[in-house]
Every structure is written in structure tokens, then in C-alpha cells.
Amino acid sequence: MNRLNGKTAVITGGATGIGRAAAKRFIEEGAFVFIFGRRQKALDAALADFGPNARAVKGSVSDLADLDRLYAAVKAERGTLDIVFANAGAGSQLPLGEITAEHIDEIFDTNVKGSIFTVQKALPLMGEGGSIILTGSSAGTTGAPGFSAYSASKAAVRNLARTWAEDLKGTGIRVNVLSPGATATELAKEALGEEGQKAYGAMTPLQRMADPAEIGAVAAFLASSDSSFMTASEVAVDGGLAQL
Ligand SMILES: NC(=O)c1ccc[n+]([C@@H]2O[C@H](COP(=O)([O-])OP(=O)(O)OC[C@H]3O[C@@H](n4cnc5c(N)ncnc54)[C@H](OP(=O)(O)O)[C@@H]3O)[C@@H](O)[C@H]2O)c1
């Protein structure tokens, strides 16, 4: 499929996990992709795998000057931008009674503030036909022990798409939320541990965790004109985890 031929995409957190799988899929479908993240080694390893139609910019989504450098690089090489996948995310567990200010800051600075400025700073480069994909989570609608800050941050992301669909009226730019369930990535390993991952696989109606490529495939759908009448939606790619 060449649904993204000639399109330019930014994927935050594009060096690993879901972002990396989405970047590979976008490139296979014809896009030119900028990935963004804090670890140079991870960015380099991903670029070596992606081939010529990818660039990497090092930085943090919670640092506004880093985001300015990202979009300056996009503007200098491509002029305009068609797709933003705000995928970078942080998640760890602390139960009520043990929550710290640092825990809240890390999660909200990355997942909420980071998503807001990733999108807001992209807008001057975007126009008619643009697609913004925000990353929610099955955790945004369910309750799970110790995940209150993470879940609340993802519930906030869900509302950003509803509100921004209003703010973007008349621009031709769509905005949707992609909400994965348990997916086999570094983040899941760190947040859930081996036992937790097994438990999430067992709780999921499809009886396993997702492969990141299964989430990347839906990101490509939301990025493409195949989803041209979708905005403000949440698309659950969770094996049924949050749907029963
Ligand atoms: N895996 C799951 O089960 C699951 C389920 C639901 C939702 N999600 C969501 O899916 C998204 C991707 O996560 P993943 O599972 O693919 O985990 P991952 O492999 O750990 O990917 C997270 C990516 O985000 C980047 N990142 C983190 N903080 C950043 C920051 N401040 N600035 C820039 N980049 C940052 C990381 O790169 P650096 O560390 O190099 O910056 C990393 O590449 C997240 O939003 C996560 O909440 C995951």
C-alpha cells in the first residue's frame, strides 16, 4: 500500500516500541518520517533500520525549545507537515498514599503538556488533509492499581482530541486518539514487570499482548485518507481489554 506517498510525518518517541513500528509502517507506505526522542543511541539504531526516508531529532517533548528545533528541521527539509503522531509517553505505578509530586510531574509533563505542545507547535506547518494522532491508552478508561496518574493523564489526552476537533474546525485538519491496550514494549516491561505482562495478556479477551506493529498499522490508517471522515474519535486497539 502507498497510502502515505509524499507525506511528511513527525512521530515523537519514534525510536522504540509503538512509535518505531509506526515509523516503519509509515515509511513502507511512502511517507518521509522525522522521529524525536531523548536517547541518541536509540535514535541512531532506529535510523539505521529505516533507510533514507527518515531523520532523527534529539529532544524532549516537555522542552518547548527542543520542539522548536524539531519543527525547524521539518520546515528546512520538507517545508510542510501532514501527519503528527504524538506518541511519546511515560508511565509508572504508585498507589494512592505513595504518590509524589515528581511522579505527577514526569507523567503529566510528558503525556499531557508534551502532547499539547507537540501539536500546537506543528500547526503552522500543517493544512488541509492534515492528520493528528494522539496516544491514549486502555488505562484512560479503566481503573488499575497504582496507575491513577498515568490513567488520568491518558483520560486528559482523550479530551484534547474532542476539544481540538472544535478548535480545528475549518482547517481541514483531523485529530483522533489511538488507544492501545497492553503492548509488548520497553514501557510495558518497566511498568508491569514479567508477571504483570502475563496478567494483562490473560485479562485481554484476545488472550495476549499486542505486537507494536498491530498498533502501527492502525496509526497508518488514522494518518491516511482512509480515515478521512474521522475526527475527535478514540480508536481502541486493545484486544478488547477496555471494551467489555
Ligand atoms: N506498551 C503499552 O502497553 C501501552 C499501552 C497503552 C498506551 N501506550 C502508550 O504508547 C506510547 C508509546 O509507548 P511504548 O509502549 O511504545 O513504550 P516505549 O518503547 O518505552 O516508547 C516510549 C517512547 O517515548 C519516548 N519518550 C519518553 N519520554 C519522552 C520525552 N519526554 N520526550 C521525547 N520522547 C520521549 C521514549 O524515548 P526516549 O526515552 O529516548 O526519550 C520512547 O521512544 C506511550 O504514549 C504509552 O503511554 C503504551
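Our subject is the structure that appears above.
In this numbering scheme, every chain counts its residues from 1 along its sequence in written order. Where local features are concerned, this predicted model is filtered to residues with pLDDT of at least 70; where side-chain atom pairs are given and counted, the filter is 80 or more; whole-chain, interface and lining totals use all residues. Computation of side-chain values covers all heavy atoms of the structure but excludes hydrogens and water.

1. Considerations on the overall build of the protein chain
Tallying secondary structure elements over the protein chain gives seven helices and seven strands in all. Based on C-alpha atoms, the radius of gyration is set beside the globule rule, defined as 2.2 Å times the residue count to the power 0.38. Taken against the 2.2 N^0.38 rule, which gives 18 Å for 244 residues, the C-alpha radius of gyration of the protein chain at 17 Å falls within 12% of a compact globule. Here the C-alpha coordinates of the protein chain stretch approximately 50 × 40 × 35 Å along the principal axes. The 244 residues of the protein chain split such that 49% are buried. Counting only contacts in the protein chain whose residues sit at least 6 apart along the sequence, the fraction spanning at least 24 positions is 71%. Total accessible area computed for the protein chain in this model is approximately 11000 Å², and 54% of it derives from carbon and sulfur atoms. The charge count treats Lys and Arg as positive and Asp and Glu as negative. His and the chain ends do not count. Charge placement uses NZ in Lys and CZ in Arg. For Asp and Glu, CG and CD serve respectively. Both charge centroids of the protein chain, one from 23 positive and one from 26 negative side chains, sit 4 Å from each other. Put simply, DSSP marks the helices as runs of H or I at least four residues long and the strands as runs of E at least two long, and each gets a number from the N terminus on. For every residue, the accessible area (1.4 Å probe, protein chains only) is compared with the maximum for its type, and the residue is labelled buried under 20%, exposed over 50%, or partly exposed between those bounds. The contact criterion used throughout is that any non-hydrogen atoms of two residues lie within 4.5 Å. All accessible areas in this document rest on Shrake-Rupley with a 1.4 Å probe, and a residue is counted as covered only by the protein chains that are shown.

2. What about the layout of surface pockets?
The method is simple in principle: a probe with the dimensions of a water molecule rolls over the atoms, and the space it marks as empty is what remains. Space inside and on the surface of the protein is sampled on a 1 Å grid over the protein atoms alone, with a cavity defined as a set of points where a 1.4 Å probe fits but cannot get out and a pocket as an open set with protein on both sides within 12 Å along at least 5 of 7 lines; lining residues have an atom within 4 Å of a point. Grid points are joined across faces, edges and corners, and a volume is the space filled by probe spheres set on the points. Approximately 190 Å³ is the volume found for the second largest pocket. Along the wall of the second largest pocket there are 13 residues; nearest its centre are Gly129, Gly172, Arg174, Ser228 and Phe229. Residues are grouped as follows: Ala, Val, Leu, Ile, Met, Phe, Trp, Tyr, Cys and Pro are nonpolar; Asp, Glu, Lys and Arg are charged; all remaining types, including Gly, are polar. Considering only residue class, the lining of the second largest pocket consists of four nonpolar, six polar and three charged.

3. Observations concerning the packing of helix H1 (residues 17-28) against helix H2 (residues 40-50)
Close contact between H1 and H2 brings their axes to 11 Å; oriented N to C, the two are set at 25°. Between H1 and H2, the crossing angle belongs to the class labelled roughly parallel. For the crossing formed where H1 meets H2, the hand is right-handed. Each of Arg20, Ala23, Lys24 and Ile27 in H1 lies in contact with H2, whose residues at this interface are Ala45, Ala46, Asp49 and Phe50. Here the contact of H1 with H2 is composed, by residue class, of five nonpolar, no polar and three charged. Fitted lines through C-alpha atoms give the axes, limited to the stretch in contact for helices. The angle between two N-to-C directions lies from 0 to 180 degrees. Each angle gets one of four labels, with under 35 degrees taken as roughly parallel, over 145 as roughly antiparallel, 65 to 115 as roughly perpendicular, and the rest as oblique. Throughout, a crossing is termed right-handed when the near helix is turned clockwise from the far one, and left-handed when it is turned anticlockwise from it by less than a right angle.

4. Examining the packing of aromatic side chains
A pair of aromatic rings is counted whenever rings of Phe, Tyr or Trp (Trp by its six-membered ring) have centres within 6.5 Å, and the orientation is called stacked for planes under 30 degrees apart, edge-to-face for over 60 and tilted otherwise. Scanning all chains against the criterion turns up two aromatic pairs. Centroid distance Phe32 to Phe34: 5.5 Å. Interplanar angle 55°. Geometry classified as tilted. Across the pair, exposure class does not vary: Phe32 and Phe34 are buried alike.

5. A closer look at the site of the ligand
One heavy atom suffices: a residue is near a molecule or strand as soon as one of its heavy atoms comes within 4 Å of it. The ligand sits among 27 residues. The nearest are Thr16, Arg38, Arg39, Tyr150 and Thr185. For this analysis, a polar contact is any N or O atom pair within 3.5 Å, provided that within protein one partner can donate a hydrogen and the other can accept it, and provided that sequence-adjacent residues contribute only side-chain to side-chain pairs. Contacts to the ligand include Arg39, whose side-chain N or O atom sits 2.8 Å from an oxygen atom. Take Thr183: an N or O atom from its main chain is 2.9 Å from an oxygen atom of the ligand. Notes on the ligand: free accessible area 880 Å², of which the protein chains cover 94%. Per-element tally for the shell around the ligand: the top contributor is helix H6 (residues 186-203), with three residues. Partitioning the shell around the ligand into residue classes produces eight nonpolar, 15 polar and four charged.

6. Some words on the sheet that holds strand E7 (residues 234-237)
On the basis of which strands lie adjacent, the open sheet formed by seven strands has the order E3-E2-E1-E4-E5-E6-E7 and parallel pairing. Both edges of this open sheet fall to strand E3 (54-58) and E7, since each of them pairs with a single strand only. Direction aside, the axes of adjacent strands within the sheet are offset by 20° on average. Pairing of strand E6 (residues 174-180) with E7 involves four bridges; the strand directions are parallel. Looking at the pairing, Val177 lines up with Glu234 of E7. Helix-sheet contacts for helix H3 (residues 64-78) involve strand E1 (8-12), strand E2 (32-37), E3 and strand E4 (83-86), and the interaxial angle to E2 is about 165°. What makes two strands pair is DSSP finding at least two bridges between them.

7. Concerning helix H7 (residues 212-223)
To estimate the expected span of a helix, subtract one from its residue number and multiply by 1.5 Å. With twelve residues, H7 extends 16 Å between its outermost C-alpha atoms, agreeing within 8% with the 16 Å of an ideal straight helix rising 1.5 Å per residue. Restricting attention to buried positions, one finds in H7 the residues Pro212, Ile215, Gly216, Val218, Ala219, Ala220, Leu222 and Ala223. On its buried face, H7 is in contact with H1, E4, strand E5 (131-135), E6 and E7. Regarding H7, its N-cap is Asp211, as a side-chain oxygen of that residue lies 2.8 Å from the backbone nitrogen of Ala213 further along.

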